[in-house]
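# Close look at the chain arrangement
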Amino acid sequence: MTTPVYLDNNATTCVAEEVLEAMWPYLTKLYGNPSSMHTFGGQVAKVVKQSRENVANLIGADPSEIVFTSCGSEGDNAAIRAAIAANPEKRHLVTTQVEHPAVLNLCRTLEKQGYSVTYLSVDEKGCLNLDELRLALREDTALVSVMAANNETGVVFPIDRIANIVKERGILFHVDAVQAVGKLPLNLRDSAIDFLVFSGHKLHAPKGIGALYVRRGTRFRPLIVGGHQERGRRGGTENIPAIAGLGKAAELAMQHLEDENTGVRSLRDRLELNLLREIPDCQLNGHPAMRLPNTTNIGFKYIEGEAILLLLDRYGICASSGSACTSGSLEPSHVLRAMGLPYTLLHGSIRFSLSRYTTAEEIDRVLDAMPKIVQRLRDISPFKDDAANWLQPAAAAR
Ligand code: PLP
């Protein structure tokens with residue numbers, strides 16, 4: 001199989017060579033337990049310390065504020081559950097309609113347990129209205145949870161402004177920054193964020209490792225109760241090779257942050273501008289400027305996103321559509337639906353997400369393939385002469 005053109009980096013990223021090298025000793029010779037009293041274990045504790053410093057450095061935090069986790073979903077669950085445990089008398093949460101399922105499905109679970117949740121809306125560009133947030137805050141609000149950047153559209157939310165609004169009311173604030181860390185500069189030292197979560201596999205570390213920032217002084221209850229690891233904030237023997245990998249990935253992300261916002265952005269812009277110019281009846285989903293530098297989400301009218309993905313796959317190109325196949329029916333993305341996209345675009349939207357490993361030649365391959373794919377699908381589309389049907393889901397189904 002030839003190497004694919006991998007433009008699905010918001011789903012996961014390749015492990016950087018340097019990261020693999022940093023992990024190797026801890027998968028082979030240095031297998032001790034960092035909690036052991038002997039020198040052999042102590043050697044391993046050193047890499048945990050170094051990685052914690054690197055991770056803290058990447059987000060402008062103090063190393064003591066970092067808890068290693070297994071993934072972004074765990075971090076989100078730990079933060080939200082810690083916040084509500086710290087405020088048992090408060091039974092209201094605020095989040096947005098466009099969060100990742102790691103937050104949304106936990107909120108739905110909490111609703112079943114008697115909590116009430118306000119889901120803030122977004123406009124047609126995927127942006128929040130901060131007045132709606134202000135109005136949603138109540139005396140019994142335990143936590144506000146808002147993502148830093150959306151995984152589907154890349155739209156960036158103003159988390160520092162939100163943190164100040166939330167702080168004025170003495171409410172805890174959690175940020176799912178899984179898509180933002182390593183792509184946008186963050187400095188938690190100057191912000192009022194209480195919890196922030198990210199995940200290694202989105203920034204060229206392996207799967208199975210993440211980090212949770214807990215502001216110093218914030219009351220915290222562990223999700224995983226066990227030994228004294230992570231200063232009692234997460235039980236379980238640490239995943240040392242992955243922690244070593246995350247530390248290296250954080251160091252590399254710091255070095256590449258500028259490139260992310262210049263090199264990666266310019267390739268993304270070239271891809272986006274050319275697709276929008278060469279292919280009729282398509283549009284950008286999400287705010288054109290307030291966006292991650294690596295993400296573009298484009299809706300192609302009158303065709304199905306899944307069909308585009310299948311044909312892209314034949315060209316060896318990996319991308320993603322917003323739809324998720326749930327119980328046999330193709331559900332359009334909850335993010336694009338919240339933005340009020342018309343039916344024609346909801347079903348035909350594709351996300352391309354780049355990384356620092358993406359090359360200009362790869363972008364050329366996509367620019368060559370996409371117009372042919374869209375033309376081919378439109379030629380066989382039953383709706384090609386009947387666009388009105390696409391505005392009426394019920395009619396289309398008949
Ligand atoms: N939050 C966001 C915004 C994400 O994009 C993802 C993963 O795609 C997650 C949370 C979950 O992260 P993980 O896969 O590490 O559990």
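Just so it is clear, the structure is predicted and the values come from calculations on it, not from any experiment.

## Remarks on the overall build of the protein chain
- The secondary structure content of the protein chain amounts to 13 helices and 15 strands.
- Viewed in the frame of its principal axes, the protein chain has a C-alpha envelope of about 75 × 50 × 35 Å.
- Counting every position in the protein chain, which comprises 398 residues, the buried fraction comes to 55%.
- Once local pairs closer than 6 in sequence are excluded, the contacts in the protein chain between residues at least 24 apart make up 73%.
- For the protein chain, the accessible area works out to roughly 17,300 Å², and carbon and sulfur atoms hold 53% of it.

## Things to note about the pattern of salt bridges
- One pass over the structure, following the stated rule, counts 15 salt bridges.
- For Arg138, the salt bridge identified is with Asp140, shortest N-O distance 2.9 Å.
- Taking the shortest distance from any N to any O, the salt bridge between Glu251 and Lys248 comes out at 3.4 Å. One end of the pair is Glu251 and the other is Lys248, both in helix H7 (residues 240–278) and three residues apart, which spans about a single turn.

## Thoughts on the packing of helix H1 (residues 17–27) against H7
- One way to put it is that H1 packs onto H7 with a least axis distance of 8 Å and a crossing angle of 155 degrees. When the axis of H1 is compared with that of H7, the two are roughly antiparallel. In this structure, H1 crosses over H7, and the sense of that crossing is right-handed. Taken together, the residues of H7 that come into contact with H1 (itself represented by Glu18, Val19, Ala22, Met23, Tyr26 and Leu27) are Ile240, Pro241, Ala242, Ala244, Gly245, Lys248, Ala249 and Leu252.
- Of the residues in the contact of H1 with H7, the class split is 11 nonpolar, one polar and two charged.

## Looking at the domain arrangement of the protein chain
- In terms of domain boundaries, the protein chain breaks down into domain 1 (5–11 + 257–380) and domain 2 (17–253).
- Between the C-alpha centres of domain 1 and domain 2 the distance comes to 28 Å.
- Contacts between domain 1 and domain 2 engage 28 residues on the former and 30 residues on the latter.
- Of all residues in domain 1, Leu257, Leu292 and Met339 give up the largest surface area on contact with domain 2, accounting jointly for 25% of the area buried on that side.
- Across the contact surface, domain 1 and domain 2 share zero salt bridges.
- Listing elements by their share of the side of domain 1 that touches domain 2, those giving two or more residues are H7, strand S10 (295–300) and helix H9 (334–338).
- In terms of residue count, H9 provides more of the side of domain 1 that touches domain 2 than any other element does, four residues in total.
- The residue makeup of the side of domain 1 that touches domain 2, split by class, is 11 nonpolar, 13 polar and four charged.

## What to know about the nonpolar core
- Membership of the largest hydrophobic core comes to 73 residues, with the highest contact counts inside it found for Ile59, Phe173 and Leu196.
- In terms of residue count, the dominant contributor to this core is H7 (nine residues).
- Built from parts of two domains, this core gets at least three residues from each of domain 1 (5–11 + 257–380) and domain 2 (17–253).
- Those residues in contact with Phe173 that sit more than four places away from it in its chain are Leu143, Val144, Val146, Ile159, Ile162, Ala163, Val166, Ile193, Asp194 and Phe195.

## Here we look at the sheet that holds strand S15 (residues 349–353)
- Strands sit in the order S9-S10-S15-S12 across an open sheet of four strands; the sheet is antiparallel. Edge positions in the sheet fall to strand S9 (282–284) and strand S12 (320–321), since each has one partner strand and no second.
- As defined by bridge partners, S10 adjoins S15 across five bridges and the pair is classed as antiparallel. Note that in S15 the partner of Asn297 across the bridge is Arg351.
- Taken strand by strand, helix H8 (residues 305–314) contacts S10, S12 and S15, and its axis lies near 45 degrees from that of S15.

## With respect to the sheet that holds strand S7 (residues 195–199)
- Spatially, S2-S8-S7-S6-S5-S3-S4 is the arrangement adopted by the seven strands of the open sheet, whose pairing is mixed. Sheet topology places strand S2 (66–69) and strand S4 (116–120) at the edges, where each strand pairs with a single neighbour. Averaged over all neighbouring strand pairs, the angle between strand axes comes to 20 degrees, with direction disregarded.
- Where strand S5 (residues 141–147) lies against strand S6 (residues 172–176), five bridges are found, and the strand directions are parallel. The residue bridging Val146 from the neighbouring strand is Val175, located in S6.
- Sheet strands touched by helix H4 (residues 101–112): strand S3 (92–96), S4, S5 and S6. Its angle to S4, the strand with the most contacts, is close to 145 degrees.

## Things to note about the packing of aromatic side chains
- All chains considered together, the criterion is met by two aromatic pairs.
- Taking 6.5 Å as the distance between ring centres and 45 degrees as the angle between the ring planes, the aromatic pair formed by Phe195 and Phe220 counts as tilted. Here Phe195 is found in strand S7, whereas its partner Phe220 is found in the loop between strand S8 (210–214) and H7, with 25 residues between them in sequence.
- By relative accessible area, Phe195 is classed as buried at 0%.
- Taking NZ or CZ as reference, Arg91 lies 4.1 Å from the ring centre of Tyr115, over its face.

Calculation criteria
Residues numbered from 1 in each chain as written. Predicted model: local features only at pLDDT ≥ 70, side-chain atom pairs only at ≥ 80, totals over all residues. Heavy atoms only, no water. Helix = DSSP H or I, 4+ residues; strand = E, 2+ residues; numbered from the N terminus. Buried < 20%, exposed > 50% of the residue type's maximum accessible area, 1.4 Å probe, protein only. Contact = heavy atoms within 4.5 Å. Areas by Shrake-Rupley, 256 points an atom, 1.4 Å probe, with all protein chains shown as cover. Salt bridge = Lys/Arg side-chain N within 4 Å of Asp/Glu carboxyl O. Axes fitted to C-alpha atoms, helices over the stretch in contact; angles between N-to-C directions. Parallel < 35°, antiparallel > 145°, perpendicular 65-115°, else oblique. Left-handed = near helix turned anticlockwise from the far one by under 90°. Nonpolar A, V, L, I, M, F, W, Y, C, P; charged D, E, K, R; others polar. Domains from an automatic or database assignment. Buried area = accessible area lost by both parts, 1.4 Å probe. Core = buried A, V, L, I, M, F, W, Y, C linked by side-chain atoms within 4.5 Å. Pairing = 2+ DSSP bridges. Phe/Tyr/Trp six-rings, centres within 6.5 Å; stacked < 30°, edge-to-face > 60°. Lys NZ or Arg CZ within 6 Å of the ring centre and 35° of its normal.

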